[in-house]
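# Topology and contacts: notes
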Amino acid sequence: MEFRILGHLEAVAGGRPLPLGGPTEQRLLAVLLLDAGHVVPLSRLVDALWEEAPPARADKLARNAISRLRRMLADSGDPDPIETCGAGYRLAIGCEALDARRFESKVAQAQLAASAGQVAQAACLLRSALDLWHGQFLAGMGGRVIEAAATAWNERYCAAAEAYYDHQLALGRHREVIGELSALTAGYPLREKPVAQLMLALYRCGRQADALAIYSDTRALLAEEMGLDPGPELQLVQQRILEADPALHAPPEVSSGCHSSLGLASLPVPRQLPGLVRHFVGRSAELQELSGVLERAATPGNAVVISAVGGMPGVGKTVLAVHWARLVADRFPDGQLYVDLRGYDETVAPLAPAEAVRGFLDALGVPVERIPAGLDTQTALYRSLVAGRRILILLDNARDEQQVRPLLPGGSGCLVVVTSRNQLAGLAVREGAHLVALDVLTPGDAYELLASRLGSGRVAAEPQAAVGLVALCGRLPLALSVAAARVVTQPGLSLSAVVGELAGANNRLDALEVSDTSARVRAVFSWSYLALKPEAARMFRLLGIHVGPDISAAAAASLAGMPLPRAREALAGLTHRHLIMEHVPGRFAFHDLLRVYAAEQAHHLDSVAERRSVTHRVLDHYLHTGHAAAVLLFPRHEPIHLGPRQPGVLPEDLPDQQQALRWFTAEYRVMLAVVAAAANGGYDRHAWQIAWTLAHFLDRQGHWHDLEEILRTAQAAAQRNGNAAARAIIHRETGRVYIQLGRLGDARVQLHHALHLFGQLDDQPGQARIYHGLGVVAEAMGSFAEALAHSEQAAELFRATGDKRAYALAVGATGWQLALLGDYHQAIARCQQAMDSLREVGDITGESQVLDSLGYARQHLGDYPAAIVCYQRSLALAEEAGLRWGQAEALSHLGDAQLANGDPGAARGAWHRSLAIFTELGHRDAETVRVKLDQLTAIASTASPNRRRSTGV
């Protein structure tokens, strides 16, 4: 019998998993495994089960659960491993029976090998140790006891991984480790050691710019999340890279004798499959075929297994894939990923592989700030994250093989299911994909589908009419669903009459050129459409004009120029008839065939002028709502002047920042399509202004490729529009994107274009913001003196415009940059000047930030008591402003300074207070502070850490 806790809890006997009961039995086993070989008192088991509120007779309930667990483990055929020892229990298993013990043993062996100079052997041992991890420690289990153990074990994982990469780099294997190090730094973005290792590996591969960009990103993250500057090791690596230090050159590569996948601990388990499929019938042969493919994926050592489901539109490819995926989801304990690639949506471009990969990285828990910019590096990170994991990946509506290949994982254990109108034969040739051809339903299955939707009684009463309806629908599932929904609305009408009505509509419309059954499909659509009330029919047509993957009820109201309650009523009617689907609450989408049909009806029945009015209204809806959301989320971002909105436009009411963020999250994909449609339709002002509303959201969320694309469209629109101010703004935003993408030279060019235009407009605030951006670029390139000059220019311009707050923050930025240059006394003077101005304007948040920079300078002068005072004042201001996160951050920094001053007791107290607030907020920095507390003795013996906090305008 073997037990696993380095991931999901598992017990295995004879190669088969054992049932472990419900949450109570599983938690008991987990606690016993944490102390395997030792007696665990019953009181500790009770505490682990119920924590603060044990029920009456908790001891008896725990003993009963132990008995049930014993019975389950007895299925292994081995002796009962749970021993009763007085008032406690002991799990009597050998060291080799628990993966955590094997991990510890291999790590210890690796340390001995390394100390004996056997670096290659040490690397192999560490690799095999790390390969024992297959997910988060005791994934899915919570509670105080288990969470505390998870923190400690994840720290051991990181330490072993860092040692492994040290050995790999010493053996000249830098090319092998880039992808895995990218994954490790993404999972643990605040650990500086892996960042330094990744920088070195990139530099040795000739990617100096990428290495420096990672340093810049990490420095910004440390500043934003913890108020810390990179430590001495990371700074030294950056300096040596800038100097092209020969000491960084790679040694001759030593051949590796061990190759296996390195998974990451503490990764979330994605659950992205769409909801349950109702009214699924038939397809037994196809289900059996897919299950056969699954058995190949379960065979150890197999490469990634791919199945491609092809067939005509409306034949049920997605329904089959989702239904089967949900049936076998439990075979993939590390999760399921899903993406709609929009390969055949005529209103928007197919989803770019980079954006699909980006969505997967989000689902896998990679923080935004740790997502690399390029498709190649994103793909490498994605493949590293899924390597060695059992994940089901469903790629829906693929257009071609090129759209799919970047999304294929590289290792074994994963199963990929692709749906497409094409058979994707290229995947079969190159990647060995198994092709599944989907045809219309058999007559029997089609009849059963109709019965499931109409009710077996109604179908049994008129079997011949039901057969006729099946034939008129061409046995196509989409047509059957639409027809059935139409029939349900006429409960008093016989099926024979319904069939006669539908047959009479058959010749009234031309056939769609999509399949042999298209004429019948068109007839079904027209039959349902012609039965709509006028207002619902108009809504249906106008929805065909709308671009984007879906639409909200509010946007549909503006689209149609009607009040929201009436719009909702029309949408509900269309949903009831299966002409649209409410795929998530409050958002509506078409099947692509129905979208084509709706657009055709709009072009036949609505005038050009009416269609342009519809387009104008919906553009106004997204522009005015998006502008309000942007101002709420980013109040420092200067607003733009909007033109009057069209009659009938009802922008959405967003009362607070949380609602604004939710709106952007739901609508940004639609707005990406709207920007392109506005530019193509001659609405140039809307194109650049909607792009402006999106810019900061996309930047904060890390969607830089999308942002770059819409800014390119916006720049062309602003040029045609003759709006110099718009061009200046778009150049500035493009420069910001290039900074994020690490294209610092391109960023500088864009910012200089913006500076020139703002100068022509005599817009001093605009120029000041550009100088601030140029300072960011210079600082990222290591040109601290140049950065200081730009910040000083920004400060001077803000002073001239009378913007006291922006001026004070710019002066604070010069203080930080002086500190970077080692001029700590002058840095203190500038920070103090900024503090005085911020007090004058009453900006206690900005004052708190500058106090952090002031503490940094004081600490570097060795004046730890003064640094402590700075952090205490920062804490007081954060408390006054009610900024809980600011309080937690200030307490964390205060503890650092107190420790540097030789007062570990005070540091411990500050960190405990910080931890309590971070835990209350559910903030990820709670783990960072917890580690500080756990390692207080080690931290106290090191040099004082550096600190940094952004004081940018």
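Residue positions are counted from 1 within each chain, in the order its sequence is given. Per-residue local features of the predicted model are confined to residues with pLDDT of at least 70, and side-chain atom pairs are confined, for both listing and counting, to 80 or more; whole-chain, interface and lining totals are unaffected and use all residues. To obtain the side-chain values, all non-hydrogen atoms of the structure were included, while hydrogens and water were left out.

## As for the overall build of the protein
- Secondary structure follows DSSP: runs of H or I at least 4 residues long count as helices, runs of E at least 2 residues long count as strands, and numbering of each begins at the N terminus. A tally of regular secondary structure across the protein gives 42 helices and 14 strands.
- Burial status across the protein gives 55% buried among its 953 residues.
- Pairs at least 24 residues apart make up 70% of the contacts formed inside the protein by residues separated by at least 6 positions.
- For the protein, the computed accessible surface area is about 37900 Å², with 52% contributed by carbon and sulfur atoms. Each residue is placed in one exposure class: buried if its accessible area under a 1.4 Å probe, protein chains only, is under 20% of its type's maximum, exposed if it is over 50%, and partly exposed if it falls in between. Note on definitions: a residue-residue contact is assigned when non-hydrogen atoms from the two residues lie within 4.5 Å. Note that accessible areas follow from Shrake-Rupley with a 1.4 Å probe, and for residues the cover is restricted to the protein chains shown.

## Description of the sheet that holds strand S6 (residues 88-91)
- Across the sheet, which stays open at both edges, the 3 strands sit in the order S4-S6-S5 with antiparallel pairing between neighbours. With partners counted over all chains shown, the strands left at the sheet margins are strand S4 (39-41) and strand S5 (82-85), one partner each. Within the sheet, the average angular offset between the axes of one strand and its neighbour, ignoring direction, is 30 degrees.
- Strand pairing follows a simple DSSP-based rule, namely that at least 2 bridges must link the two strands. Sheet topology note: the S4/S6 ladder contains 3 bridges and is antiparallel. Counterpart to Val39 in the pairing with S6 is Arg90.
- For helices, the axis comes from a line fit to the C-alpha atoms of the stretch in contact; other axes are also lines fit to C-alpha atoms, and the angle between any two N-to-C directions lies between 0 and 180 degrees. Contacting S4 and S6, helix H2 (residues 42-50) crosses the sheet at an angle of about 65 degrees to S4.
- Packing of helix H3 (residues 58-73) onto the sheet brings it into contact with S5 and S6, and relative to S5 it is tilted by some 150 degrees.

## Remarks on the pairing of strand S13 (residues 581-584)
- Across 2 bridges, the pairing between S13 and strand S14 (residues 587-589) is antiparallel. Its bridge partner being in S14, Val584 is matched across the sheet by Arg587.
- Counting the residues that bridge the hairpin from S13 to S14 gives 2 residues, and of these Gly586 lies at a positive phi of roughly 85 degrees.

## Let's talk about helix H37 (residues 844-860)
- For H37, with 17 residues, the first-to-last C-alpha span of 24 Å sits near the 24 Å given by 1.5 Å per residue.
- Taken across its 17 residues, H37 has 13 buried, putting it largely inside the fold.
- Where H37 starts, the residue carrying a side-chain oxygen 3.2 Å from the main-chain nitrogen of Thr845 turns out to be Asp843.
- Just past H37, the residue Gly862 takes up positive phi, approximately 80 degrees. Expected span of a helix: the number of residues minus one, times 1.5 Å. Pairing of N or O atoms within 3.5 Å defines a polar contact, subject to two protein rules: one partner must be a possible hydrogen donor and the other a possible acceptor, and residues neighboring in sequence count only if both atoms are side-chain atoms.

## Comments concerning the pattern of salt bridges
- Salt bridges are defined as contacts in which a side-chain nitrogen from Lys or Arg sits within 4 Å of a carboxyl oxygen from Asp or Glu. Applying the stated criterion across every chain yields a total of 35 salt bridges.
- Close ionic contact of Glu155 with Arg191 constitutes a salt bridge, the shortest N to O distance being 2.8 Å. Residue Glu155 is found in helix H6 (residues 144-170), and its partner Arg191 is found in the loop between helix H7 (174-187) and helix H8 (192-204); the two are separated by 36 residues along the sequence.
- Linking Arg839 and Glu847 is a salt bridge whose minimum nitrogen-to-oxygen distance equals 3.0 Å.
- Note on Arg839: relative accessible area 35%, which makes it partly exposed.
- The network of salt bridges with common partners includes Glu708, Glu709, Arg712, Arg743 and Asp746.

## Description of the packing of aromatic side chains
- Working definition: rings of Phe, Tyr and Trp (its six-membered ring) pair if their centres are within 6.5 Å, and the pair is stacked with planes under 30 degrees apart, edge-to-face with planes over 60 apart, and tilted otherwise. Counting across every chain of the model gives 15 aromatic pairs.
- Between Tyr164 and Tyr165, the aromatic rings sit 5.0 Å apart at their centres with planes inclined by 65 degrees, giving edge-to-face as the arrangement. Per residue, the accessibility class of Tyr164 equals that of Tyr165, and both read buried.
- Three or more aromatic residues joined by ring pairs make a cluster, and in this case those are Phe103, Trp133, Phe137, Trp153 and Tyr157.

## A look at the nonpolar core
- Residue types Ala, Val, Leu, Ile, Met, Phe, Trp, Tyr and Cys, when buried and joined through side-chain atoms within 4.5 Å, form a set referred to as a nonpolar core. Of all hydrophobic cores here, the largest spans 121 residues; its most connected members are Met539, Phe540, Leu543, Leu574, Tyr622, Phe664 and Leu694.
- Ranked by residue count, the leading element in this core is helix H28 (residues 657-680), at 12 residues.
- In this structure Tyr622 touches His546, Ile551, Ala555, Trp663, Glu667, Val670, Met671 and Val674, once residues within four positions along its chain are discounted.
- Counting 82 residues, the second-largest nonpolar core is a separate cluster that includes Phe3, Ala113, Leu171 and Leu212.

## Looking at the sheet that holds strand S1 (residues 2-4)
- If you walk across this open sheet you meet the 3 strands as S1-S2-S3, and the pairing is antiparallel. Each having just a single partner strand, S1 and strand S3 (16-17) make up the two edges of the open sheet.
- Pairing of S1 with strand S2 (residues 10-13) involves 3 bridges; the strand directions are antiparallel. In the strand pairing of S2, Phe3 is matched with Ala11.

## Regarding the confidence of the model for the protein
- Per-residue confidence for the protein gives a mean pLDDT of 82; residues scoring 70 or more make up 88%.
- Considering each helix and strand of the protein separately, the mean pLDDT is smallest for helix H42 (residues 936-940), with a value of 52, and largest for helix H24 (residues 553-560), with 95.
- Here residues 505-519 is a poorly scored stretch, pLDDT under 50, and it has 23 contacts once near neighbours within four places are set aside; other chains count. pLDDT measures the predictor's confidence residue by residue and takes values from 0 up to 100.

## Topic: the packing of helix H30 (residues 704-721) against helix H31 (residues 724-740)
- At a minimum axis distance of 9 Å, the contact between H30 and H31 shows a crossing angle of 160 degrees. Relative to H31, the element H30 lies roughly antiparallel. Where H30 crosses over H31, the handedness of that crossing is left-handed. Between H30 and H31, the contacting residues are Trp704, Leu707, Glu708, Leu711, Ala714, Gln715, Ala718 and Gln719 on the first element and Ala726, Arg727, Ile730, His731, Glu733, Thr734, Val737, Tyr738 and Gln740 on the second. Should an angle lie under 35 degrees it is considered roughly parallel, over 145 roughly antiparallel, and from 65 to 115 roughly perpendicular; all remaining angles are considered oblique. Working rule for handedness: look at the near helix, and if it is turned counterclockwise from the far one by less than a right angle, call the crossing left-handed; if clockwise, right-handed.

## Observations concerning helix H19 (residues 463-472)
- Burial in H19 covers these residues: Ala465, Ala466, Leu469, Val470 and Leu472. Angularly, the buried residues of H19 cover 165 degrees about the axis, an arc narrow enough to put them on a single face.
- Of the residues one or two after H19, Gly474 is the one with positive phi, at around 65 degrees. Of all possible arcs, the one meant is that of the directions from the helix axis to the C-beta atoms.

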